[in-house]
There are 4 protein chains.
Amino acid sequence: MMTPEQRARQVGETMFAVDTASKDTMGMELLACEPGRALMRMAVTPLHLNGHQICHGGFIFTLADSTFAFACNSHNRNTVAAGCSIEFLRPAQAGDVLTCEGLEQTLSGRHGIYDMRVSNQRGEVVAMFRGKSATIQGNVFPEGA
Amino acid sequence: MMTPEQRARQVGETMFAVDTASKDTMGMELLACEPGRALMRMAVTPLHLNGHQICHGGFIFTLADSTFAFACNSHNRNTVAAGCSIEFLRPAQAGDVLTCEGLEQTLSGRHGIYDMRVSNQRGEVVAMFRGKSATIQGNVFPEGA
Amino acid sequence: MMTPEQRARQVGETMFAVDTASKDTMGMELLACEPGRALMRMAVTPLHLNGHQICHGGFIFTLADSTFAFACNSHNRNTVAAGCSIEFLRPAQAGDVLTCEGLEQTLSGRHGIYDMRVSNQRGEVVAMFRGKSATIQGNVFPEGA
Amino acid sequence: MMTPEQRARQVGETMFAVDTASKDTMGMELLACEPGRALMRMAVTPLHLNGHQICHGGFIFTLADSTFAFACNSHNRNTVAAGCSIEFLRPAQAGDVLTCEGLEQTLSGRHGIYDMRVSNQRGEVVAMFRGKSATIQGNVFPEGA
């Protein structure tokens, strides 16, 4: 019998292993996957810069969206995004290291709300993302009865 | 004296030339930049896939966000995003070719609303993104009086 | 056999007749309920004013949300809101007459996107609301096979 | 010299006294206005019901939007909403008593993020609202140097 903590960790490892977009294309690291919580990190490189020479907002969104996926799947029930919104508060520059913490705010039946906060290495908030989740059939990894 | 169409085209060329994130990292093409309108295209490759083997929602957001930037800067007044929301309607697979059209809905003083619609090669709507813009000081490219 | 137009009209009459909040408390009128479209009107009275002596944003939201409900139920399949966002563009004053038009943007399977535009009597856009709908079981009014 | 707590309380009294929409039309009470926090309450009456005989979502939005206004003005600097989003989690019935707590999440320069949580008398979350604020010129009440 797994503990909720072990289950969440295995969800994280299982999902991250095949997440080319987050891992390889964006260069994210998964620092923690716990029950109702995930923590990811991404360094801003020249490849992330848009025409204003700041990190493309889409990649900040992508970091938060990935963190959301780990947090809302952490109970090993397949869960998808049903909607989201983001507020950008501060630009990110090349060389910045962005950390995103995702936290479950409420989970009732099939629907949950998760808040992701993206901060830079000085602890300043770069963006806040809110996701609404919907649980569907199946598990992230097979779990014995 | 430039026409609005010439001005928008030059905005597009100026911005896209230095937009590493959109052009190089994501592989987008800018098909049109017109007054209050932009059209971009992105083929979904294996590099865009997440752990579910579908295109990461963050990259669909990124395509729409880039299209928003071209559409709202098309009048050659520097304009930034003041907020946005996205609804995902259908997944995108490797091999799909996504097109995003962005259209100005309203522009009054400094604030505008732009709607971006991401479709696949079958014309099915993949996502709808709404952006609110705020005009700031300066121009995308210098323009004689 | 009803036409889509007759069906939508009857949906509007059925729903509006028992909608105390919209009709009595807020003083809205339902001007049209057509397939995938609704049109409502609300005059701003002193009862709608907040501490800044402008119409409370919540009541502008309420007008748009009601219009959304009529538009997305107009096919006589019970439909609920699955998410929404609003952008406020201009304040509304006592004496203003607000009109809200709601239009179906896409409808595929159970999910649709509807855009509501609130304008004042001068045709200026006051707010734009986007709603995502989900169709559930049942009909607004019973319809013979 | 006022303390931040005294200042927030006076902001609350000043604004609520003239907020016809919240106080009279909707029947809200302002339970607390503290630095970066506000608490409001509203009982759901038959006047709030829509055609489904549940509380109109627009009025739940209105409760959250009012709470947002008190929380973001609590430092006695005039502050307006620059954007917001809401997620509805559970319907509210006639007889329910809704409480909304609003909390400042981040405030940096002119821009802040506030989260409002609407709960019923059983402590169940009914809706979550996120507001982005922008500080403008002036004060809610005149304050000596």
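Above this text is the structure in question.
What you see is a predicted model, and the numbers here were worked out from it, not measured in a lab.

Undergrad: Please clarify how the overall build of chain A should be interpreted in this entry.
TA: When helices and strands are tallied, chain A shows three helices and six strands. Sequence-ordered secondary structure for chain A, helices as α and strands as β, is α-α-β-β-α-β-β-β-β. What you see for chain A is a C-alpha radius of gyration of 15 Å, in line with the 15 Å of a compact globule of 145 residues. Taken along its principal axes, the extent of the C-alpha atoms in chain A is 50 × 25 × 25 Å. Out of the 145 residues belonging to chain A, those deemed buried represent 50%. Excluding contacts between residues fewer than 6 apart, the proportion of contacts in chain A whose partners are at least 24 apart in sequence is 68%.

Undergrad: What is the right way to look at the interface of chain B and chain D in this model?
TA: How big an interface is tends to be stated in terms of the accessible area lost upon association of its parts. Taken together, the four residues of chain B in the interface contact four residues of chain D. The biggest single contributor to the side of chain B that touches chain D is strand β3 (residues 79-88) of chain B, with three residues. Looking at the side of chain B that touches chain D residue by residue, the class counts come to one nonpolar, two polar and one charged.

Undergrad: Before we go on, may I ask you to explain the interface of chain D and chain C in this structure?
TA: Across the boundary between the two partners, chain D contributes 29 residues, which contact 29 residues of chain C. Counting only elements with at least two residues in the side of chain D that touches chain C, the list comes to α2 (20-25), α3 (57-73) and β3 (79-88) of chain D. Taken together, the residues of the side of chain D that touches chain C break down into twelve nonpolar, 13 polar and four charged. Here strand β3 (residues 79-88) of chain C pairs with β3(D) via three bridges, running antiparallel. The residue bridging Ser85(C) from the neighbouring strand is Ser85(D), located in β3(D).

Undergrad: I keep staring at helix α3 (residues 57-72) of chain C and nothing clicks. Help me out?
TA: Along an α-helix, a turn takes 3.6 residues, which lines up residues three or four apart on a common side. In this model α3(C) runs 22 Å from its N-terminal to its C-terminal C-alpha over 16 residues, within 8% of the 22 Å that 1.5 Å per residue would give. A large share of α3(C) lies buried, amounting to 16 of its 16 residues.

Undergrad: How should the environment of Ile60(B) be read in this particular structure?
TA: Residue and element names in this part refer to chain B. Position of Ile60 relative to the elements: it lies in helix α3 (residues 57-73). The class of Ile60 is buried, set by 28 C-beta atoms lying within 10 Å. The sequence separation of Ile60 and Phe141 amounts to 81 residues, and the corresponding C-alpha distance is 28 Å. Beyond its immediate stretch of four places on either side in the chain, Ile60 contacts Cys55, Phe88, Ala92, Val118, Val126 and Ala127.

Undergrad: Explanation requested: the sheet that holds strand β6 (residues 125-135) of chain B in the structure shown.
TA: Sheet strands associate in pairs through backbone hydrogen bonding, adopting either a parallel or an antiparallel arrangement. The strand order β1(A)-β2(A)-β4(A)-β5(A)-β6(A)-β3(A)-β3(B)-β6(B)-β5(B)-β4(B)-β2(B)-β1(B) describes an open sheet built from twelve strands, whose pairing is antiparallel. A single partner strand is all that each edge strand has here, and the edge strands are β1 (28-34) of chain A together with β1 (29-34) of chain B. Going across the sheet, the axis of each strand differs from the next one's by a mean of 15°, ignoring polarity. As defined by bridge partners, strand β5 (residues 111-119) of chain A adjoins strand β6 (residues 125-135) of chain A across nine bridges and the pair is classed as antiparallel. By the bridge assignment, Tyr114(A) is partnered in β6(A) with Gly131(A).

Undergrad: Is there a simple way to think about the relation of the copies chain B and chain D in this case?
TA: With an axial shift of 0.0 Å and an RMSD of 0.0 Å, the rotation relating chain B to chain D amounts to 180°. What we have between these two chains is a two-fold relation. Using C-alpha coordinates, one finds that chain B approaches the rotation axis most closely at Gly83(B), a distance of 3.5 Å. Looking at the interface residues of chain B, 100% of them are also at the interface in chain D, so both copies use one shared face.

Undergrad: Which parts of the structure should I look at to understand the pairing of strand β4 (residues 97-108) of chain A?
TA: Within a regular strand, side chains alternate between the sheet's two faces. All names here are of chain A. The pairing of strand β2 (residues 37-43) with β4 spans seven bridges and is antiparallel. Looking at β4, one finds that Ala38 is bridged to Gly102. Sheet analysis places β4 next to β5, joined by nine bridges and oriented antiparallel. Looking at the pairing, Ser108 lines up with His111 of β5.

Undergrad: Would you take a moment to explain the sheet that holds strand β1 (residues 29-34) of chain C for this structure?
TA: Judged by pairing direction, the sheet is antiparallel, and its twelve strands sit side by side in the order β1(C)-β2(C)-β4(C)-β5(C)-β6(C)-β3(C)-β3(D)-β6(D)-β5(D)-β4(D)-β2(D)-β1(D) without closing on themselves. Single-partner strands in this sheet number two, and they are β1 of chain C together with β1 (29-34) of chain D. Taking the axes of each pair of neighbouring strands and ignoring which way they run, one obtains an average angle of 15° across the sheet.

Undergrad: For this particular structure, what's the right way to read unusual backbone geometry?
TA: Working note: non-glycine residues mostly have negative phi, and peptide bonds are mostly trans. Located in the positive-phi region is Asn76(B), a residue other than glycine, with phi close to 65°. Mapped onto the elements of the fold, Asn76(B) is located in the loop between α3 and β3.

Undergrad: What is the right way to look at the relation of the copies chain D and chain C in this model?
TA: One copy of the chain maps onto the second through a rotation about an axis and a displacement along it. Take chain D, turn it by 180°, move it 0.0 Å along the axis, and it overlays chain C with an RMSD of 0.0 Å. An overlap of 100% is found between the interface residues of chain D and their copies at the interface of chain C, pointing to a shared contact surface.

Undergrad: Looking at this model, I keep getting lost on the pairing of strand β5 (residues 111-119) of chain C. Mind explaining?
TA: Burial of β5(C) is extensive: eight of the nine residues sit out of reach of the surface. Between strand β4 (residues 97-108) of chain C and β5(C), which pair antiparallel in sequence order, lie two residues; one of them, Gly109(C), sits at a positive phi of approximately 65°.

Undergrad: What am I meant to see in the packing of α3(C) against α3(D) here?
TA: Any two packed helices are characterised by the angle at which their axes cross and by the distance between the axes. Running from N to C, α3(C) and α3(D) point in directions that differ by 160°, and their axes come no closer than 8 Å. As the angle between them shows, α3(C) and α3(D) are arranged roughly antiparallel. You can see that α3(C) and α3(D) cross each other, and the crossing is right-handed. Residue-level inspection shows Gly57(C), Gly58(C), Phe59(C), Phe61(C), Thr62(C), Asp65(C) and Ser66(C) of α3(C) in contact with α3(D), the latter providing Gly57(D), Gly58(D), Phe59(D), Phe61(D), Thr62(D), Asp65(D) and Ser66(D).

What counts as what
Residue positions are given per chain, counting from 1 as you read along its sequence in written order. Both sets of labels track the order of writing: A upward for chains, 1 upward for ligands. Confidence filtering applies because this is a predicted model: local features only for residues at pLDDT of at least 70, side-chain atom pairs given and counted only at 80 or more, and all residues used for totals across whole chains, interfaces and linings. Here a strand is any run of E in DSSP of at least two residues, a helix any run of H or I of at least four, and the numbering for each starts at the N terminus. C-alpha atoms define the radius of gyration, and 2.2 Å times the number of residues to the power 0.38 defines the globule rule. Backbone-placed C-beta atoms define the burial measure: a residue is buried with 20 or more other C-beta atoms within 10 Å of its own, exposed with 12 or fewer, and partly exposed in between. By the convention adopted here, residues are in contact when the distance between their C-beta atoms, placed from the backbone, does not exceed 7 Å. Residue polarity follows a fixed list, in which Ala, Val, Leu, Ile, Met, Phe, Trp, Tyr, Cys and Pro are nonpolar, Asp, Glu, Lys and Arg are charged, and the others, Gly among them, are polar. Paired strands, as defined in this entry, are two strands with at least two bridges between them according to DSSP. To estimate the expected span of a helix, count its residues, drop one, and scale the result by 1.5 Å. Lines fitted to the C-alpha atoms define the axes, with helices restricted to the stretch that makes contact. Angles between their N-to-C directions range from 0 to 180 degrees. Superposition of the copies used a least-squares fit over C-alpha atoms from residues whose pLDDT is at least 70 in both. Should an angle lie under 35 degrees it is considered roughly parallel, over 145 roughly antiparallel, and from 65 to 115 roughly perpendicular; all remaining angles are considered oblique. Crossing handedness follows the turn of the near helix against the far one: under a right angle anticlockwise gives a left-handed crossing, and clockwise gives a right-handed one.

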